[in-house]
Amino acid sequence: MLRYLAGRLAYVALMLLGLVVITFVISNVTPADPAALAAGPDATPDMVATLRREYGLDRPLPEQFLRYVTDLAQGRFGRSIQSGNTVGEDLLRYVPATLQLVILAMGFACAVGIPLGILAAVFRHSWVDHGIRILAVSGIALPAFWIALLLQLVLAVWWGWLPTGGILSIAADPPPTITGMVLFDALLAADWGVFADAASHAVMPAFVLSLPCLASVLRVNRAEMIEVLGSDHVTAARAHGVKPGRVIGLLALKNAMLPTLAMIGLRFGWMLGGTVLVETVFDWPGIGLYAVNAAIASDFKPVMGVTLVIGLMFMLTNLLVDLAYGWLDPRTRSA
Amino acid sequence: MNRRELLLAAGGLMSVPAASLSPAYGFEREGDRRIIVFSGNQPVPILDPHQRYDWSTRMMQRCLYDALVRYEGAPARIIPWLAESWDTSADGLTWTFRLVGNAKFNNGDVLDAEAVRFSFERGLKLNKGISWMLSRHLKPENIAAVDARTVRFTLDRPYPDFLSFLPLWFIVNPKQVTANAEGDDDGQKWLTANAAGSGPFRIRRWDGQSVMALEAVPDYWKGWPMPEPERPAGVIFRVMRESAPRKAALQRGEVDVASGLTPDDLSQLARMPNIVVSDNEGAAPFAIMMNTQKGPTADINLRKAIAYAFDYEALIAIHKGDAKLMDGPFPFVTEGRIQLDMPRKDLDRAKQFMARTPTPNGGLELEYLHVAGNEVQRQIGLVLLNALQPLGIRVNIVGQPWPTLVGRGGSPETAAAMTAVYVTPVTTSPDTVASQYASSAAGQFWGIHHLRDADIDRMVAEAAVELDEAKRLDLYAQIQRRVVDLQPVVFCMTANQRWAMRSYVRGFQHQALNLTGEMDLWSLYVARG
């Protein structure tokens, strides 16, 4: 097992190196000049040169790359040329907000998607199944930004139930930082006012972010459940008089969960990428919005930092899923 | 309860909050005082007044800092602020400013001549942001604090436009900057998200990417423009990237003022109760810059043909009437502007010019490059496409991100035949605008035309140091005529500057040199009642 884990971690490291090379090359082949943009529209060539020197952009590309990789190895992501802040500090500030959003969205997708998948499978070809499948197709087919704008219009503007965006009311004082995720920090601090405020801000972005994942989980879970419910051992269990709830909950669901788990792992990575759009529409101060602001300004170090963080999380999630696979299905351990 | 009754009950329940929409008071408040919430699309990554000055940054800087003088009104005029008076020597080299006696920083320190000297020296030495405005004419060692209330600048050469730049040079507290400096960074890191100013507000909470909350300084040395009971407790700048959520937040009353809304959104909002749209003449000209050095548009006849084929009235229609066609190369805020007989749609004339080109029957394809996602610029591209069809010119409309557009415009080899650009004047200085057509501008975003003309270069250099006002204005008039003759640009329009705000917001004062979505937040308050 340890050998397997070490091999997988080495693979992750190799993939990360590939990601670093690709992001560095892409950042440097675009015709935009980050120093000129950061220096401002009226800057003289001398002012632009000052910034280039300050950020090492006047050095040859191989040297810049070597320095970047060396810094990364020491846990440094470089500095944003737009703000002068170190990207590592910025990421520490913005990652918790994104994680909060992803955890909520993933939790909602699983909590709703898995039971709906079971329902659709149990009541296959009934109106329940058709209704759930329409929901699944809609979740995948409808553009997230469209749903986001529609929800803002209906829930925030027309009905006034929820705020249009942000992570917390402007006048609200954030809870003491424990995890960095305001919702969970408010919970830990038992600050119910702030908790309710943070929850109301999280509802719409988490829901929109969860939809594609919810739909995928639902579809996969339904298909697997249908297959398992038709298998011999389930038929045998039913014939032996095992109660339907036990058949579905224990026998069928456990077997159907393997592909669903793989889907959840894959979707976690997609979800991190999806935060770029959702955070932009809902002004959610996470790494997605941070990356958008940086990309607009051709501020490449933050963009590269966010790409690496998302890439790393994606790879680690997949690794965890693979390990969970082995735990759930002993047959895969030796593979 | 049957299904029908359940649905009716649900519908009724949902309509309750809808009916209670549109609060009649400010959404945010502290005690019995209101807080003004402004929303725009651009973050403020660096607050340091000597490092950066784009519109959102400058709006926050104006809340937190003061300058020697200030722009006011439309057309913009300079009024005294930290300086109560000033004079210039006969040779135009020495400028002496007398400071007011009651100015103080927000931490209680006195704002004196030494602070002014320190701030200008810092701005020049950092060689960032605002330094280009004065670095050609002023050396740091030639700024002197004569006494506690007198500061003197000795320029290297006469520069009549000197005063026009000073509203952008904010004064920082030397003690705070020095105390928070890290190594030799002159306090740059600290001032990124902290302030050391004397302005009407101080920072309460700062995240330049999303929310910036400022609290009012009750005893602001300059005083407040509204009655004391109406004075807001603070202002909040909420960054909202997308136009639609910004509009939604305004409708809901989450924000009091919204900038950067689309013409369609503004038209809709103007018809809604409890919302007003402030419509003001804009100062940022929109131009289609043509590559004067490479490709077909290097031929002046083709440039003239394009200028006479273009449908200018369509520009007004795109802006739903809220724009004004340019009647000269200088925007209306610039000193020395003259009105000229500009090209307007005249297809016969366009064909005459086309006949003088190597391709009189057309058969050309020209690239029109605009900022990706800017719908107005894309629509103007469509107007261009239609307008040039009779000349046999195909237009390839390409949208690219702003950094790429600027990067491509850096060289005539990579610049598109036609590039859409807004150039916002930051001061009333005619030198700044005239310099956009000098050879030295080539490669900057305002010089994507890459125009090279010895006469313009000479006149720009002469006018910049000319002390005789009549001669100076005459030189600028000649420059404007020459630019129109050479047609490096299709001079289009200035779109109106518009903000949508809740009807309870009072105290709005338009200042013609406000950049893009910038607004003076100091004078705003929420009407009681």
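On a predicted model such as this, the values are computed, not experimentally measured, just so you know.

Caption draft 1: Seen up close, the sheet that holds strand E5 (residues 83–88) of chain B. Residue and element names in this part refer to chain B. Read from one edge of the open sheet, 4 strands run E5-E6-E8-E7, paired in antiparallel fashion. Whereas interior strands pair on both sides, the edge strands pair on one side only; in this sheet they are E5 and strand E7 (143–147). Between one strand axis and the next, the sheet turns through 20° on average, direction left out of account. Note that strand E6 (residues 94–99) and strand E8 (residues 150–154) share 5 bridges and pair antiparallel. Residue pairing across strands places Thr96 opposite Arg152, the latter belonging to E8. Against the sheet, helix H3 (residues 113–126) makes contact with E6, E7 and E8, and its axis sits at roughly 175° relative to E7, the strand it touches most.

Caption draft 2: Here's a closer look at the interface of chain A and chain B. On the side of chain B, 47 residues touch chain A, which itself brings 50 residues to the contact. Here chain A and chain B share an interface that buries about 4,000 Å² over both sides, 55% of which is from carbon and sulfur atoms. The partner of Glu54 of chain A in a salt bridge is Lys128 of chain B, with the nearest N and O atoms 2.8 Å apart. Contributions of two or more residues to the side of chain A that touches chain B are made by helix H2 (34–39), helix H3 (45–54), helix H5 (87–122), helix H7 (144–158), helix H11 (244–282) and helix H12 (287–296) of chain A. Counting residues per element, the side of chain A that touches chain B draws most heavily on H3 of chain A, which supplies 6 residues. The residue makeup of the side of chain A that touches chain B, split by class, is 29 nonpolar, 15 polar and 6 charged.

Caption draft 3: Region of the structure containing the domain arrangement of chain B. Residue and element names in this part refer to chain B. For chain B, the assigned domains read domain 1 (3–48 + 199–278 + 499–526), domain 2 (66–177) and domain 3 (285–495). Between domain 1 and domain 2, the residue contacts involve 15 residues of the former and 18 residues of the latter. Summed over both sides, the interface between domain 1 and domain 2 buries roughly 1,400 Å², with carbon and sulfur atoms accounting for 48% of that surface. Counting every contact that joins domain 1 to domain 2 gives 3 salt bridges. A salt bridge links Arg70 to Asp520; the nearest nitrogen and oxygen atoms lie 2.4 Å apart. Counting every contact that joins domain 1 to domain 2 gives 10 residue pairs in polar contact (both at pLDDT 80 or more).

About the thresholds
- Residues numbered from 1 in each chain as written.
- Chains lettered and ligands numbered in written order.
- Predicted model: local features only at pLDDT ≥ 70, side-chain atom pairs only at ≥ 80, totals over all residues.
- Heavy atoms only, no water.
- Pairing = 2+ DSSP bridges.
- Helix = DSSP H or I, 4+ residues; strand = E, 2+ residues; numbered from the N terminus.
- Axes fitted to C-alpha atoms, helices over the stretch in contact; angles between N-to-C directions.
- Contact = heavy atoms within 4.5 Å.
- Buried area = accessible area lost by both parts, 1.4 Å probe.
- Salt bridge = Lys/Arg side-chain N within 4 Å of Asp/Glu carboxyl O.
- Nonpolar A, V, L, I, M, F, W, Y, C, P; charged D, E, K, R; others polar.
- Domains from an automatic or database assignment.
- Polar contact = N/O pair within 3.5 Å; in protein donor to acceptor, adjacent residues only side chain to side chain.

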